[in-house]
Amino acid sequence: MLFINTRPDDRALVLTQALEAAGYQVEALPLLELVAMPFSESLQQLYTELRQVQAVVVVSPTAVDVGMRYLQQAGVQLDQLKSIQWIAVGQTTAQALAKFQIESHVPEVETSEGMLQLPILKQQKKLTKIAFWRGLGGRQFMMQQLQQQGVEILNFVLYQRQCPEQSLIAFPEIVKKISFNQPVAVLMSSEASWNYWQQLSNQYPCSAQCVYLVLGSRLAQLLHSTQSQAVKGFNIIQLENLSASEIIQRMSDWQGHV
């Protein structure tokens, strides 16, 4: 079975190796690349206010890399932030923070909903101000939920997403390799990835019978709403995380029922 791994290049290799070892044919098609926003006066002001927050939500390893680089550029020392709690979207982001000797809270489910279930945010009477280190357009749902609870948000937009140029070239070549009605599994980890996939699929229609492995309930609901309007049906498998073991197990379970 063909598996299309849409994770960014720097996060795709371990999963690809595990899938190939499990007998899958894998095509790499990163649907997102993250490009740092320029350091600006507004970011400088946000960093100046950072010592006032009780927590920082960090949504990706890229947010760690850019956020720490700009922290230094803004003239703020990590030692000045000792009282702040750090929240990482997942283990990979937590590991990136650990390189700076920062321990972070990590949700069991690596989504906005999962982070909102963390005790630090659920029991948040003392939390009045939270910073988000994020990409353009990301984590809107989580920020809105916290704002509705009266939490002030410092919104650090550190990078933007785009579909990699290499994938615009690679997609039609991958479509050519797919035989009529061949089953194809596609990993889908974010709404932005799904949007780019749809754009590519509309431009280069594919006859494959697709099963989408999607991260979290909210993204699954988005695909279900698309599914009802689609000319060609597809299957959806909801993932709790993006580990190779979770993906391979869920694929095995699904194949055992079809």
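Described below are features of the structure shown in this document. Nothing here was measured: the structure is a model prediction, and the numbers come from that model. (Residues numbered from 1 in each chain as written. Predicted model: local features only at pLDDT ≥ 70, side-chain atom pairs only at ≥ 80, totals over all residues. Heavy atoms only, no water.)

Core analysis: the largest hydrophobic core is formed by 47 residues, its most contacted members being Tyr-47, Leu-50, Trp-86, Trp-133 and Phe-156. Among the elements that make up this core, the one with the highest residue count is helix 3 (residues 61–73) (six residues). Counting residues in each nonpolar core, the second largest holds 26 residues, with Met-188, Leu-200, Leu-223 and Phe-234 among its members. (Core = buried A, V, L, I, M, F, W, Y, C linked by side-chain atoms within 4.5 Å. Buried < 20%, exposed > 50% of the residue type's maximum accessible area, 1.4 Å probe, protein only. Helix = DSSP H or I, 4+ residues; strand = E, 2+ residues; numbered from the N terminus.)

Following the sequence through the fold, Thr-6 ends up in the loop between strand 1 (2–5) and helix 1 (9–21). Among residues more than four places away in sequence, those in contact with Thr-6 are Leu-29, Pro-30, Leu-31, Val-186, Leu-187 and Met-188. (Contact = heavy atoms within 4.5 Å.)

Once that is clear, we can look at unusual backbone geometry. Despite not being glycine, Gln-101 has its phi angle at roughly 60°, a positive value. With respect to the helices and strands, the residue Gln-101 is situated in the loop between helix 4 (91–98) and helix 5 (112–116). Judged by relative accessible area, which is 70%, Gln-101 ranks as exposed.

On to the sheet that holds strand 2 (residues 25–28). Taken together, the five strands give an open sheet; going across it, the order is 2-1-8-9-10, and neighbouring strands pair in parallel fashion. Lying at the two open borders of the sheet, with one neighbouring strand each, are strand 2 and strand 10 (235–239). Averaged over all neighbouring strand pairs, the angle between strand axes comes to 20°, with direction disregarded. With five bridges connecting them, strand 9 (residues 209–215) and strand 10 associate as parallel partners. The residue of strand 10 that forms the bridge with Val-211 is Asn-235. Across the sheet, helix 10 (residues 217–227) touches strand 8 (183–188), strand 9 and strand 10, and the angle it forms with strand 10 is around 170°. (Pairing = 2+ DSSP bridges. Axes fitted to C-alpha atoms, helices over the stretch in contact; angles between N-to-C directions.)

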